[in-house]
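Residues per chain, in single letters:
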Amino acid sequence: MPTPTEVSPAREQSVLAALRSPRRLRTEVLAGLVVALALIPEAISFSIIAGVDPRVGLFASFTMAVTIAIVGGRPAMISAATGAVALVVAPLVKSHGLDYLIAAVILAGVFQMILGGLGVAKLMRFIPRSVMVGFVNALAILIFTAQFPHLIGVPWLVYPLVAIGLVIIVGLPRLTTVIPAPLVAIVLLTAATVTIGFSVPDVGDEGALPDSLPSLLIPDVPFTWHTLTVIAPYAFTMALVGLLESLMTAKFVDDLTDTHSDKSREALGQGVANIVTGFFGGMGGCAMIGQTMINVKVSGARTRISTFLAGVFLLILVVGLGDIVALIPMAALVAVMIMVSVGTMDWHSINPKTLRRMPKSETAVMLATVVVTVVTHNLAYGVIVGVITAMVLFARRVAHVTEVVEIAHPDEDTRAYAVRGELFFASSNDLIYQFDYVGDPPNVVIDLSDSHIWDASTVATLDAITTKYAAKGTSVTIIGLDDNSAARHARLSGHLTGAH
């Protein structure tokens, strides 16, 4: 129980509590502003990746953030245009143009709502901790390497500016936390470059900022079966990638803030946000763990207010204050993202002591997730490979704990075996070689009291064992089956192809 001077994690997420507390509200407002400033160059970059005008990515970030703040299931999580979504839709934009992209975004939102309604969020329980750690570490690497284009082949003044920004972000919180350190770094470095007249890359160099508000539109595509066959594969892939990244990010924030979020509501909310974004001409998106880290860990935000204001501030900055925002040096934003990368990395997981203590299989799963993610620049691919690797290694580990031992038998004409361990495809395939078909007496008893039949492969193996003994004139009796195993064995035994 929190003391009278402490605030419980659940209460920290309350919008009403934040509105009643000037200190809490200030934190939420300033966090939203910092996130909005960091979103601008990224949204522009993702637009370029997708092959669309920068306004498409910027408007997507605005509508995603504002909508998910209202309908999402994870308070303080930031959703906007993302690189993963941009990579998915880029081929569609190249082959069919912007209108087909917008149609695909709307359809992706519909798919996400359907998947959310079917309870896809519950599948998160099957993602092992090693995959989560790999997901986080891979993201930290991607955030860091994404800054390379802004650090290579640039004027030398960029490097001291980045260094000064890092010093401010690291040192200021030791003096005061009234104003987020990243915001102070951005303001001071911008003021310095403008006042002194430094010629360094700025936000304006990333692409043209919009000068008008987004408007409601209907994609200009034929409403035909052919159009559906064109956009559906992209839409479904976008829906899966978006949900996977969003649900993984939500779980990460849950752990970071010691709170619980509604994953099913988040899945539905992502669908609603993408539908809204599509009808306002955006490229779609999902949760952004980098920006969420800025919001939650760096700036200390905890409620939907910061997410909502991030979208509002983004629109105000790019439309109303575009000329000023264009002057922000990229060095300031690079410094912010480098510190986000450092804060995102799970340093404990790569400590030599931790690596020596952890099972090799756990480390292999983490490395597989990291390598695939970094190579493909797609978090979804990394997570999928990590989960598959974990499943294979788990099955391999469990298969080796199954054993067959001889136990006391009632008479000379009977031999009894006990099978111990879980029986499924990986363990039962070797089971057939554990018996002495030639040397055993006329009667064999197989006791499965310490086992459980999980699949048809095991039933087929037991049928094969019985058949091999029958060929030698030996009778087999299987005992000790629990209710579920007995039901599965009775239903399938003798009816499986190849069980002979």
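Before any of the text, the structure's been laid out above.
Time to look at the overall build of the chain. Looking only at helices and strands, one finds 21 helices and 6 strands in the chain. Projecting the C-alpha coordinates of the chain onto the three principal axes gives extents of approximately 100 × 60 × 50 Å. Within the chain, the fraction of its 500 residues that count as buried is 53%. If you take every contact in the chain between residues at least 6 apart in sequence, the share linking residues at least 24 apart comes to 83%. Carbon and sulfur atoms make up 65% of the accessible area of the chain, which totals about 22800 Å². Of note, the chain has its 30 positive side-chain charges centred 8 Å away from the centre of its 35 negative side-chain charges.

Turning our eyes to something else, we now look at empty space enclosed by the protein. For the structure shown, the criterion picks out 2 cavities of 30 Å³ or more. Roughly 100 Å³ of internal volume is contained in the largest cavity. In this structure, the largest cavity is lined by Arg129, Ser130, Val133, Ser349, Thr354, Leu355, Met358, Glu362, Thr363 and Met366. Those elements that place two or more of their residues in the lining of the largest cavity are α7 (129-145), α16 (352-357) and α17 (360-376).

One finds Ile40, Ile127, Met248 and Met283 to be the most contacted residues of the largest nonpolar core, which totals 107 residues. Judged by nonpolar contacts, the second largest core, of 18 residues, contains Tyr437, Val444, Val459 and Leu462.

Right, let's talk about the packing of helix α4 (residues 54-71) against helix α11 (residues 263-279) for a bit. Where α4 meets α11, the axes come as close as 8 Å, and the angle between the chain directions of the two elements is 145°. For α4 against α11, the interelement crossing comes out right-handed. Contacts from Ala60, Thr63, Met64, Thr67, Ile68, Ile70 and Val71 in α4 reach Arg265, Glu266, Gly269, Gln270, Val272, Ala273, Asn274, Val276 and Thr277 in α11. For the contact of α4 with α11, the class distribution of residues is 8 nonpolar, 6 polar and 2 charged.

Here we come to helix α3 (residues 22-50). Between its first and last C-alpha atoms α3 spans 41 Å; for 29 residues at 1.5 Å apiece the expected length is 42 Å, and the two agree. The sharpest bend along α3 reaches about 30° and sits at Leu39, with the proline Pro41 one to four residues further on. Positive phi appears at Gly51, one or two residues downstream of α3, with a value of about 80°.

Once that is clear, we can look at the sheet that holds strand β4 (residues 414-423). Taken together, the 4 strands give an open sheet; going across it, the order is β3-β4-β5-β6, and neighbouring strands pair in mixed fashion. The open sheet has two edge strands with one neighbour each: β3 (403-407) and β6 (475-479). For this sheet the average axis-to-axis angle between neighbouring strands, irrespective of direction, equals 25°. Relative to strand β5 (residues 443-453), helix α21 (residues 483-492) is tilted by about 120°, and along the sheet it contacts β5 and β6.

Here we take up a nonpolar patch on the surface. A cluster of nonpolar side chains, namely Val342, Trp347, Ile350 and Leu355, defines an oily patch on the protein surface of about 340 Å² accessible area. Looking at where Ile350 falls in the secondary structure, it is placed in the loop between α15 (330-344) and α16.

Turning our eyes to something else, we now look at the pairing of β3. Here 5 bridges tie β3 to β4, and the two strands are oriented antiparallel to one another. Opposite Glu403, over in β4, you have Arg420 as the bridge partner. As consecutive antiparallel partners, β3 and β4 are separated by 6 residues.

Once that is clear, we can look at the pattern of salt bridges. Any two side chains of opposite charge can pair, on the condition that their charged atoms come close. Inspection of the entire model under this criterion finds 9 salt bridges. Salt-bridge contacts for Glu403 lead to Arg420; the nearest nitrogen and oxygen are separated by 4.0 Å. Here Glu403, found in strand β3, pairs with Arg420, found in strand β4; they are 17 residues apart in sequence, far enough to count as distant. Across the pair Arg420 and Asp450 runs a salt bridge, and its minimum N-O distance is 3.8 Å.

Glancing now at the packing of aromatic side chains. For the structure on display, the rule yields 7 aromatic pairs. Here Tyr417 and Phe435 contribute two aromatic rings whose centre-to-centre distance is 4.9 Å and whose plane-to-plane angle is 80°, an arrangement assigned as edge-to-face. Here Phe435 lies in the loop between α19 (425-428) and β5 and Tyr417 lies in strand β4, a separation of 18 residues in the sequence. On the basis of relative accessibility, which here comes to 7%, the residue Phe435 falls in the buried class. Ring centres of Phe435 and Tyr437 lie 6.4 Å apart, and the angle between their planes is 50°; on these two criteria the pair is classed as tilted. With a relative accessible area of 11%, Tyr437 lands in the buried category. Taken together, the ring pairs in this structure connect Tyr417, Phe435, Tyr437 and Tyr469 into an aromatic cluster. Geometry around Tyr437 places Lys468 over its ring, the cationic atom sitting 5.1 Å from the centre.

Analysis parameters
Residues numbered from 1 in each chain as written. Predicted model: local features only at pLDDT ≥ 70, side-chain atom pairs only at ≥ 80, totals over all residues. Heavy atoms only, no water. Helix = DSSP H or I, 4+ residues; strand = E, 2+ residues; numbered from the N terminus. Buried < 20%, exposed > 50% of the residue type's maximum accessible area, 1.4 Å probe, protein only. Contact = heavy atoms within 4.5 Å. Areas by Shrake-Rupley, 256 points an atom, 1.4 Å probe, with all protein chains shown as cover. Lys, Arg positive; Asp, Glu negative; His and termini not counted. Charge placed at Lys NZ, Arg CZ, Asp CG, Glu CD. 1 Å grid on protein atoms, 1.4 Å probe; cavity = no way out; pocket = protein on both sides within 12 Å on 5 of 7 lines; lining within 4 Å. Points joined across faces, edges and corners; volume = space filled by probe spheres on them. Core = buried A, V, L, I, M, F, W, Y, C linked by side-chain atoms within 4.5 Å. Axes fitted to C-alpha atoms, helices over the stretch in contact; angles between N-to-C directions. Left-handed = near helix turned anticlockwise from the far one by under 90°. Nonpolar A, V, L, I, M, F, W, Y, C, P; charged D, E, K, R; others polar. Expected span 1.5 Å × (residues − 1). Bend = angle between axes of the 7 residues up to and from the residue. Pairing = 2+ DSSP bridges. Patch = residues over 30% accessible without salt bridge, like charges linked within 9 Å, V, L, I, M, F, W, Y side chains within 5 Å. Salt bridge = Lys/Arg side-chain N within 4 Å of Asp/Glu carboxyl O. Phe/Tyr/Trp six-rings, centres within 6.5 Å; stacked < 30°, edge-to-face > 60°. Lys NZ or Arg CZ within 6 Å of the ring centre and 35° of its normal.

So yeah, pure geometry; function would need other evidence.
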